[in-house]
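Architecture and fold: a report
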Amino acid sequence: MTKRFLAAAAFVLLSSTVSATDIGATFETACPFGDCAAGISLSYLGEFVIPTGHMENGVEFGGISGLDFDTATGHYLAISDDRSERGPARFYELNVDVDACGLKGVSVVKQVTLKDKNGAPFAARTVDPESIRLGKDGIYWGSEGDGKALLAPFVRVASPDGAFVREFKLPAGFAPTADKSTGIRDNLAFEDLAVAPSGDVFVGVEAALYQDGPNPSLTSGSLSRIVRYDGATGEPKAEYVYPVSPIPQATTKADGGNDNGMSEMLALDDHRLLAVERSYAQGFGNSIKIMMMDLADATDVSAIASLAKNDQRVVPARKSQVLDLRAIGLVPDNIEAMSLGKAKDGTDVLILGSDNNFSTSQKTQFYAFKVLRRPQQ
């Protein structure tokens, strides 16, 4: 049964800091990369919060790490990154109550358990769901894997009831290794998933593979790979380099940590995508920037084993910042989910969602923007 989070709405009004961003405030990037056909314009529609600790069907709600719009139902699919520890690995169907006047609420319609290849719920810590998209033959979703446990990341297709359908092929060089010479870094792997209108599927790692160079630092970025798949066959077609920016904020605590990485992608067409660069610095909080990238002239690096030991010319994806959430007066949490959608009044919207890490110091936060303009082919 659909439930309204009226208590959550009250929680927002009582405890949220007042945003400097007014409903209807408009933000435009007219010519990303100098390409005015790629212009994008967004109008802010508001924020809605579900507090940590909310229970849904006896299982704690949270960990929202991916989001996609289902045109058939008008609802959104949202995946939780619970590693089958608080409940079975799962995704949700959400109703997002938004129109041209603002974001009014988010409610859970149903909860679906993801199944392993044997048809059973995933055992604890055997999966790390991070991304979800609707494809032509089912629900595409990604697991980050586990670098410490040497569990490889994967992209799979599930049926609407969560059952296993098929798995995409993992390219060479991505599987974790015990000596950390190649492969994914722990907790920095398959974080991003996007489906293009053509049916091609893009999968991105949060930061560089071990063989491709270091993590981001305050002075240098990181070379993240994006795999382009044939969505119909699950076979890799190409790989591109996305240059993750340096960490934008130093920690304000002694011995505190900070990071930056690509936490989500969203295809606008067959070569332009939006990407979320999500940074965290202890004592400061999250910095969230939305970038537009263009893969049209990017080099296919699938045959290059190591970007760090490469002498070939490589053209990375072009990128241009289109929105900095802190710069427009918002106080974002750990944004890991992004989807285009359509409100019930026909308004085109962009929805962002946060992973609360099931922490009482964080929250499941949704932002909505009206899409006034988007790139033209």
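Everything that follows concerns the structure shown earlier in this document.
Residues numbered from 1 in each chain as written. Predicted model: local features only at pLDDT ≥ 70, side-chain atom pairs only at ≥ 80, totals over all residues. Heavy atoms only, no water.

Focus: the overall build of the protein chain
- Within the protein chain, the regular secondary structure consists of one helix and 23 strands.
- A compact globule built from 377 residues would reach a C-alpha radius of gyration of about 21 Å, and the protein chain, at 19 Å, matches this within 12%.
- For the protein chain, the spread of C-alpha atoms along the principal axes amounts to about 55 × 50 × 50 Å.
- When contacts within the protein chain are restricted to residue pairs at least 6 apart in sequence, long-range pairs at least 24 apart make up 60% of them. (Helix = DSSP H or I, 4+ residues; strand = E, 2+ residues; numbered from the N terminus. Rg over C-alpha atoms; globule rule 2.2 N^0.38 Å. Contact = heavy atoms within 4.5 Å.)

Side note on the state of the cysteines
- Inspection of the entire model under this criterion finds one disulfide.
- In this model Cys31 forms its disulfide with Cys36; the gap between the sulfur atoms is 1.9 Å. Judged by the torsion about the S-S bond (90 degrees), the Cys31/Cys36 disulfide is right-handed.
- Looking at Cys31, the relative accessible area reads 32%, which means it is partly exposed. (Disulfide = S-S within 2.5 Å. Buried < 20%, exposed > 50% of the residue type's maximum accessible area, 1.4 Å probe, protein only.)

What about the pattern of salt bridges?
- A full pass over the atoms with the stated rule returns 26 salt bridges.
- Close ionic contact of Asp128 with Arg83 constitutes a salt bridge, the shortest N to O distance being 3.1 Å. Taken together, the residues span a long stretch of sequence, with Asp128 in the loop between strand E8 (102-113) and strand E9 (129-135) and Arg83 in the loop between strand E6 (75-80) and strand E7 (90-99) at a distance of 45 residues. Note on accessibility: Asp128 and Arg83 belong to one class, buried.
- It is possible to trace a salt-bridge network through shared partners that takes in Arg83, Glu85, Arg125, Asp128 and Asp146. (Salt bridge = Lys/Arg side-chain N within 4 Å of Asp/Glu carboxyl O.)

What to know about the pairing of E6
- Burial within E6 is extensive, with six of its six residues counted as buried.
- Residues His75, Leu77 and Ile79 point to one face of E6 and Tyr76, Ala78 and Ser80 to the other, with burial holding for every one of them.
- In this structure, the hairpin formed by strand E5 (residues 64-70) and E6 is closed by a connection of four residues, where Gly74 is found at a positive phi of approximately 75 degrees.
- Pairing geometry for E6 and E7, over four bridges, is antiparallel. Within the sheet, the bridge partner assigned to Tyr76 lies in E7 and is Leu94. (Pairing = 2+ DSSP bridges.)

Considerations on the side chain of Ser306
- Mapped onto the secondary structure, Ser306 falls in the loop between strand E19 (285-294) and strand E20 (318-324).
- Given the relative accessible area of 12%, Ser306 is considered buried.
- A polar side-chain atom of Ser306 sits 2.5 Å from the main-chain carbonyl oxygen of Gln211. (Polar contact = N/O pair within 3.5 Å; in protein donor to acceptor, adjacent residues only side chain to side chain.)

Regarding unusual backbone geometry
- A positive phi angle is found at Asn57, which is not glycine, with a value near 55 degrees.
- You can see Asn57 is positioned in the loop between strand E3 (55-56) and strand E4 (59-60).
- Overall, Asn57 belongs to the exposed group, its relative accessible area being 55%.
- Residue Asn187 is not a glycine yet carries a positive backbone phi of 65 degrees.

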